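# Notes for the structure review
Below are the chains, spelled out letter by letter.
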Amino acid sequence: MSSTELPGVRAAAAAAAAPTVSTVRVAEGEELRSVALPGLTLNVRTRPPERTGLPPALYVHGLGGSSQNWSALMRLLQDVVDGEAVDLPGFGDSPPPDDGNYSVTGHARAVIRLLDAGERGPVHLFGNSLGGAVATRVAAVRPDLVRTLTLISPALPEIRVQWPAVPTGLLALPGVASLFSRMTKDMTAEQRTLGVMALCYGDPARVSEAGFREAVAEMERRLELPYFWDAMARSARGIVDAYTLGGQHGLWRQAERVLAPTQLVYGGRDQLVSYRMARRASAAFRDSRLLTLPDAGHVAMMEYPEAVAQAFRELLDERGGS
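Rules behind the numbers
Residues numbered from 1 in each chain as written. Predicted model: local features only at pLDDT ≥ 70, side-chain atom pairs only at ≥ 80, totals over all residues. Heavy atoms only, no water. Pairing = 2+ DSSP bridges. Helix = DSSP H or I, 4+ residues; strand = E, 2+ residues; numbered from the N terminus. Axes fitted to C-alpha atoms, helices over the stretch in contact; angles between N-to-C directions. Contact = heavy atoms within 4.5 Å. Buried < 20%, exposed > 50% of the residue type's maximum accessible area, 1.4 Å probe, protein only. Right-handed = clockwise from strand over helix to strand, strands pointing away. Phe/Tyr/Trp six-rings, centres within 6.5 Å; stacked < 30°, edge-to-face > 60°. Lys NZ or Arg CZ within 6 Å of the ring centre and 35° of its normal. Salt bridge = Lys/Arg side-chain N within 4 Å of Asp/Glu carboxyl O. Expected span 1.5 Å × (residues − 1). Arc of directions from axis to C-beta.

Let's shift gears to the sheet that holds strand β5 (residues 123-128). Spatially, eight strands are ordered β1-β2-β4-β3-β5-β6-β7-β8 in an open sheet, and the strand pairing comes out mixed. The sheet is open, and its two edges are formed by β1 (31-37) and β8 (288-293), each paired on a single side. Averaged over all pairs of adjacent strands, the angle between their axes in this sheet comes to 20°, without regard to strand direction. Here four bridges tie strand β6 (residues 146-152) to strand β7 (residues 262-267), and the two strands are oriented parallel to one another. Looking across to β7, one finds that leucine 149 is bridged to threonine 262. Against the sheet, helix α13 (residues 305-318) makes contact with β5, β6, β7 and β8, and its axis sits at roughly 165° relative to β8, the strand it touches most.

This part covers the pairing of β7. A regular strand places its side chains so that they alternate between the two faces of the sheet. Counting buried positions along β7 gives six out of six residues, so the element sits mostly inside the fold. Side chains of β7 alternate between two faces, with Thr262, Leu264 and Tyr266 and Gln263, Val265 and Gly267 buried alike. Sheet analysis places β7 next to β8, joined by six bridges and oriented parallel. Bridge assignment links glycine 267 to a residue of β8, and that residue is leucine 293. Between the parallel pair β7 and β8, the chain is carried across by helix α11 (residues 277-284), and the sense of this crossover is right-handed.

The geometry of an aromatic ring pair is captured by two quantities: the separation of the ring centres and the angle between the planes. Enumeration over the complete set of coordinates arrives at five aromatic pairs. Note on tyrosine 59 and phenylalanine 126: the rings are 4.5 Å apart at their centroids and 25° apart in plane angle, and the pair reads as stacked. Residue tyrosine 59 is located in strand β3 (residues 56-60), and its partner phenylalanine 126 is located in strand β5; the two are separated by 67 residues in the primary sequence. For tyrosine 59, a relative accessible area of 0% translates into the label buried. Ring centres of phenylalanine 126 and phenylalanine 312 lie 4.9 Å apart, and the angle between their planes is 50°; this geometry places the pair in the tilted category. Here phenylalanine 312 lies in helix α13 and phenylalanine 126 lies in strand β5, a separation of 186 residues in the sequence. By relative accessible area, phenylalanine 312 is classed as buried at 1%. Grouping aromatic residues by their ring pairs yields a cluster made of Tyr59, Trp70, Phe126 and Phe312. Over the ring of tyrosine 304 we find arginine 206; its NZ or CZ atom is 4.1 Å from the centre of that ring.

Attention now goes to the pattern of salt bridges. Should the charged atoms of two oppositely charged side chains come close, the side chains can pair. This model, assessed by the stated rule, comprises 17 salt bridges. Of the charged contacts, one joins glutamate 218 and arginine 221 as a salt bridge, the two residues approaching to 3.1 Å between their closest N and O atoms. Placement of both glutamate 218 and arginine 221 in helix α8 (residues 209-223) is noted, with a separation of three residues, approximately one turn of the helix. Residue arginine 221 is classed as buried on the basis of its relative accessible area, which comes to 1%. The class for glutamate 218 is buried, based on a relative accessible area of 8%. Through salt bridges with shared partners, a single ionic network connects Arg33, Asp82, Glu84 and Arg120.

Cis geometry marks the peptide bond from glycine 121 to proline 122, where omega comes out at 0°. Take proline 122: it is sitting in the loop between α3 (104-118) and β5. For glutamate 119, which is not a glycine, the phi torsion comes out positive at approximately 50°. Along the chain, glutamate 119 turns up in the loop between α3 and β5. Under the relative-accessibility criterion, glutamate 119 is labelled exposed at 72%.

Over its 17 residues, helix α9 (residues 228-244) runs 25 Å from end to end, which matches the ideal 24 Å to within 8%, given 1.5 Å per residue. All buried positions along α9 are accounted for by Phe228, Trp229, Ala231, Met232, Ala233, Ser235, Ala236, Gly238, Ile239 and Ala242.

What follows deals with α11. Restricting attention to buried positions, one finds in α11 the residues Met277, Ala278, Ala281 and Ala284. Projected down its long axis, α11 carries its buried residues within an arc of 125°, all on one side. Every exposed residue of α11 that faces more than 90 degrees away from the buried side is listed here: Arg279 and Ala283.

So, on to the pairing of β3. Burial within β3 is extensive, with five of its five residues counted as buried. Taken together, the five bridges between β3 and strand β4 (residues 82-87) define a ladder with parallel strand orientation. The residue bridging proline 56 from the neighbouring strand is aspartate 82, located in β4. Judged from the four bridges that link them, β3 and β5 form a sheet pairing that is parallel. Within the sheet, the bridge partner assigned to valine 60 lies in β5 and is glycine 127.

Read these as geometric descriptors, not functional statements.
Next up, the structure:
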């Protein structure tokens, strides 16, 4: 890249020149809107609350995910919160950020900008995987924006990383994403989707046929995006970098700074974030409670949304319902 070329210019140009991709799925009762902010544009999925005056909530997805990951939970909680789910920069229907920053801090800044611009804080903040690391950072540096924190398999640093998570970490290495793209170019969207579900679900058989077809359609749409692999690789690199940070910027140190009441959710069959990290997280977050789901994998809010919703309702009850 030329020394005079601004970061993100190539990604933006590629997106502008790309063929039209399939439309994003919107479930019944949901709405999509685009929010233009300095240096980035974010797609936001909303489910109007059952009544006015409910406290706001924001849902943040994980690596390779999108706001669609929260549709089931949003529907179950629409009677107690005014919920929105964001597509992080470069994911879902949000284009890449102008500065090309996919670090955990970069994603956290995007969330903070969204909340500040909408003047919705403090919110009930939810995060899964990468989104859990992002939400932890937001809660630590901007406690004024967070009422409660709900973390589902948050991507917090582990010394002994599980073997199934290694390929995701390898994406962070220069050139690996391009190599992986070439090596898997003959795989169908169905094959890719089955692989993702085998990795992320405790029991992929729980996914309905309709749910599987919707996931395949979304996979096909993502593969049409010219920046898909770049966003994946840079965000994976951001997670790896966050794992190596020490001092006050370390994620565990920031977890200790979180003031908001925190609900932790861990799955016993999670192949990406170890179940054994639940105890450490419970000790790190000063005001925490823990839900363990022995049969859940990495995306409990999609596998067992009723259980996650009930845990959040109990957290709300502890706080007097707000």
